[in-house]
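So the chains spell out like this:
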Amino acid sequence: MALSPEEREHFLAEPHVAALAVAAGEKEDRAPLTVPIWYQYAPGGDLWILTGRDSRKAGLIAAAGRFSLMVDRLEPTIRYVSVEGPVTATEPATREQLTEISARYLPPEKVEGYVDFAWTNHGEQIVVRMRPERWVSSDLGEV
């Protein structure tokens, strides 16, 4: 059964690890790039991801101008939300944004150490913002 707009937005706002997909480009004989990624979202707004400025993912997103995310869970019911839309902004990441997204996924006592490591060792990062345009969602109930 499809989720209501409110249900799907609240589900997307939960801290699931997403599968990001973006077209691999016309010149490549490859399927779309699909990778796991952390993301941030608040109902009614744009969502954002943080990635390496020079990563393949960043280049493909810039070329395509859009991407999709899919999040799911298996318990207590099988539920998923997939969202696709245009890139609305790309900007240099701040340490505060890295802290925010890390705190969404890591235990509180691990955040500072991870942020220190990532800020020093992962290279220049960017934030890519996307406006959800198309939604697909379902709750398949208990198995």
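Now for a description of the structure that goes with this document. Because the structure is predicted, anything quoted here is derived from the model rather than measured.

1. Some points on the overall build of the protein
Here's step 1: Of the regular secondary structure elements, the protein holds 4 helices and 7 strands.
Here's step 2: Listed N to C, the secondary structure of the protein is α-β-β-β-α-β-β-α-α-β-β in terms of helices and strands.
Here's step 3: In terms of C-alpha radius of gyration, the protein reaches 16 Å, essentially the compact-globule figure of 15 Å for 143 residues.
Here's step 4: Along the first, second and third principal axes, the C-alpha set of the protein runs to 45 × 45 × 25 Å.
Here's step 5: Looking at the protein residue by residue over its 143 residues, the buried ones come to 38%.
Here's step 6: For the protein, the proportion of contacts with a sequence separation of at least 24, taken over those separated by at least 6, is 71%.
Here's step 7: Carbon and sulfur atoms form 54% of the exposed surface of the protein, whose accessible area is close to 8200 Å².
Here's step 8: Each charge class in the protein was averaged separately, 15 positive and 22 negative side chains, and the resulting centres sit 5 Å apart.

2. Overview of the nonpolar core
Generally speaking, soluble globular proteins have nonpolar side chains that are buried together.
Here's step 1: Core analysis: the biggest nonpolar cluster contains 34 residues, and L12, L20, Y39, L47, I49, F67 and L69 have the highest contact counts within it.
Here's step 2: The residues touching L12, leaving out its near neighbours within four places in the chain, are Y39, Y41, L47, V71, V83, R104 and W135.

3. A look at the side chain of S138
Here's step 1: The topology assignment puts S138 in strand β7 (residues 134-141).
Here's step 2: Engagement of the side chain of S138 in a polar contact is seen with the backbone oxygen of M1, the distance being 3.5 Å.
Here's step 3: If we skip the residues at most four places from it in the chain, S138 touches M1, A2, L3, I78, R79 and Y80.

Here is what the cut-offs are and how they apply
Residues numbered from 1 in each chain as written. Predicted model: local features only at pLDDT ≥ 70, side-chain atom pairs only at ≥ 80, totals over all residues. Heavy atoms only, no water. Helix = DSSP H or I, 4+ residues; strand = E, 2+ residues; numbered from the N terminus. Rg over C-alpha atoms; globule rule 2.2 N^0.38 Å. Buried < 20%, exposed > 50% of the residue type's maximum accessible area, 1.4 Å probe, protein only. Contact = heavy atoms within 4.5 Å. Areas by Shrake-Rupley, 256 points an atom, 1.4 Å probe, with all protein chains shown as cover. Lys, Arg positive; Asp, Glu negative; His and termini not counted. Charge placed at Lys NZ, Arg CZ, Asp CG, Glu CD. Core = buried A, V, L, I, M, F, W, Y, C linked by side-chain atoms within 4.5 Å. Polar contact = N/O pair within 3.5 Å; in protein donor to acceptor, adjacent residues only side chain to side chain.

By themselves, these are just geometric observations and shouldn't be taken as functional.
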